Amino acid sequence: MSLPDTTRVLTADELDLLELALAGGADWLPAGPPATLTDAENTPLAVSDGDGLRPVKPFARAAGPHWDPALRRGADDVRAAVGDTPAVAVVVAEPPTRSEVAALPGLTDGAQHVLLLVPAARRAPAAGAVGAPGLVRVATGLAEGLRAEDARRVDVVVVPWPADAPESLRWPDVGARYGAGSTVVLATRRADDDAARVAGLGSLWSDEVAALYPDASARELARAARTARRTGAVVFFTGLSGSGKSTVARALAAELDDEGLHTTLLDGDEVRHHLSKGLGFDKESRELNVERIGYVASLVASHGGVAVAAPIAPFASGRARVREHAEAAGTFLLVHVSTPLEVCEARDRKGLYAKARRGEIPEFTGISSPYETPTDADLTIDTSQVSVADAVAQVRQALVARLDS
Ligand SMILES: Nc1ncnc2c1ncn2[C@@H]1O[C@H](COP(=O)(O)OS(=O)(=O)O)[C@@H](OP(=O)(O)O)[C@H]1O
Ligand SMILES: Nc1ncnc2c1ncn2[C@@H]1O[C@H](COP(=O)(O)OP(=O)(O)O)[C@@H](O)[C@H]1O
């Protein structure tokens, strides 16, 4: 398929809308002329033109319960599965209170099929807010409870939903697209006194603390508790283009963040749009790029955060300098994503290998520019052999072991 020359890099919120729309969950078309719609890594995902949206490549998936394909099903697929069965959708956008859980059987009365819709944004949740992984865990528990009560079918369905949803995107419409005859947002059914108590929670922290300490002391205790888990670390992925660095790094960062570690993702391709804008791919430019990434990552670590970086970083000398900086700031973990060149080239999500083979991109790593295989990797992962979830688990385990030692 030939793609329009105009390219539009979508924001994380727009990617959520695109995923929703392509699977039949909503009508959405970006404004402007026909364009190839890409993610921040320039992977072409869809084309928008006079005929609407057409998919080009599948979306990159990440790890975590909200990326489980059994739960993250498209609207067309779910609606077909529901068929003519009377179905009701319940939107679980916040952790439900006791009164909401108690109201659930009544709200779903008469429906043979219950869909618990969990909105999941690509953008990280606000600090302290429960994100999509937590909501999926809560909804899964709710589903088990409902199933235990009677024999109805209850499904948890993850719905791509922008953090900042446009007003035109309305739950009743989306619920209908997923096959539900009616849709209720659970948090809007909160009892009045519950609503007031939930609204006051932010400053309350806990009854015991509020009873024991004046506000100023309680705030300081809360702050100290938040910083107790601060652990400076740099996780540095290196490997060929297409080896899976970004995919694994993104999933790892989301998981660490969800666990309460303050995590900053420095993805190779994204860094080149900002921190290293304008730099080329000759050896000197690459070393400068890697040095900048190492500098920022070490700064993050020195303030108690976890930096996850994922450039190609093909040269041992540059990687050694990053290690030196990072170890002075905290823990350092070098992860070599060793996926063979043939596999990376076969994936060729961005069509760069094909261009490099045709000689259209000079100095392309693995083709016309060297990749020096690390001899000091703390972990080596070949993503042609290991799933994203297992790769994330391996890195996490290695990091935790290092932080605990
Ligand atoms: N000549 C050449 N060689 C390698 N890669 C190229 C080149 N030109 C553009 N690209 C795209 O840039 C991404 C790699 O940038 P990095 O900053 O990670 O590279 S480096 O560490 O500075 O070597 C890389 O992204 P990833 O595929 O995410 O690795 C490519 O999409
Ligand atoms: N086990 C896996 N781990 C990581 N990526 C995988 C895996 N299996 C297939 N892939 C795919 O390989 C591609 C890797 O691309 P990406 O993560 O952008 O690589 P890089 O950042 O190294 O260029 C993605 O399309 C991803 O979906």
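Criteria and thresholds
Residues numbered from 1 in each chain as written. Chains lettered and ligands numbered in written order. Predicted model: local features only at pLDDT ≥ 70, side-chain atom pairs only at ≥ 80, totals over all residues. Heavy atoms only, no water. Near = heavy atom within 4 Å. Polar contact = N/O pair within 3.5 Å; in protein donor to acceptor, adjacent residues only side chain to side chain. Areas by Shrake-Rupley, 256 points an atom, 1.4 Å probe, with all protein chains shown as cover. Helix = DSSP H or I, 4+ residues; strand = E, 2+ residues; numbered from the N terminus. Nonpolar A, V, L, I, M, F, W, Y, C, P; charged D, E, K, R; others polar. UniProt positions renumbered as here; feature names shortened; annotations may be inferred. Pairing = 2+ DSSP bridges. Axes fitted to C-alpha atoms, helices over the stretch in contact; angles between N-to-C directions. Contact = heavy atoms within 4.5 Å.

Points about the site of ligand 2
Part 1 of the reasoning: Lining the immediate surroundings of ligand 2 are 16 residues, of which Gly-242, Ser-246, Thr-247, Arg-349 and Val-386 lie closest.
Part 2 of the reasoning: Backbone polar atom of Thr-383 to a nitrogen atom of ligand 2: 3.2 Å apart, as the coordinates give it.
Part 3 of the reasoning: Protein contact buries 82% of the 560 Å² of open area that ligand 2 shows by itself.
Part 4 of the reasoning: If one sorts the elements of the shell around ligand 2 by residue count, helix α9 (residues 245-258) sits on top with four residues.
Part 5 of the reasoning: In terms of residue class, the shell around ligand 2 is made up of four nonpolar, eight polar and four charged.

A word on the UniProt feature "domain: APS kinase" (unreviewed entry) in the chain
Part 1 of the reasoning: The feature "domain: APS kinase" (unreviewed entry), as given by UniProt, occupies residues 232-382 in the numbering adopted here.
Part 2 of the reasoning: The span residues 232-382 is 44% helical and 18% strand by assignment, and the distance between its end C-alpha atoms comes to 27 Å.

Examining the sheet that holds strand β11 (residues 306-310)
Sheets are built from strands paired through backbone hydrogen bonds, the pairs being either parallel or antiparallel.
Part 1 of the reasoning: Across the sheet, which stays open at both edges, the five strands sit in the order β10-β11-β9-β12-β13 with parallel pairing between neighbours. A single partner strand is all that each edge strand has here, and the edge strands are β10 (263-267) and β13 (379-381). In this sheet, neighbouring strand axes are inclined to one another by 15° on average, regardless of whether the strands run parallel or antiparallel.
Part 2 of the reasoning: Where strand β12 (residues 331-337) and β13 come together, three bridges link them in parallel fashion. Its bridge partner lying in β13, Val-337 is registered against Ile-381.
Part 3 of the reasoning: The sheet contacts of helix α11 (residues 283-302) involve β9 (233-239), β10 and β11, and relative to β9 the element is tilted by about 155°.

Thoughts on the site of ligand 1
Part 1 of the reasoning: Residues in close proximity to ligand 1 total 22 residues, the closest being Ser-241, Arg-272, Asn-289, Ile-312 and Ala-313.
Part 2 of the reasoning: Ala-313 is positioned with one of its backbone polar atoms (N or O) 2.8 Å from an oxygen atom of ligand 1.
Part 3 of the reasoning: One of the backbone N or O atoms of Glu-363 is found 2.8 Å from a nitrogen atom in ligand 1.
Part 4 of the reasoning: Contact with the protein chains removes 93% of the 630 Å² of surface that ligand 1 exposes when unbound.
Part 5 of the reasoning: For the shell around ligand 1, the residue count by class is 10 nonpolar, six polar and six charged.

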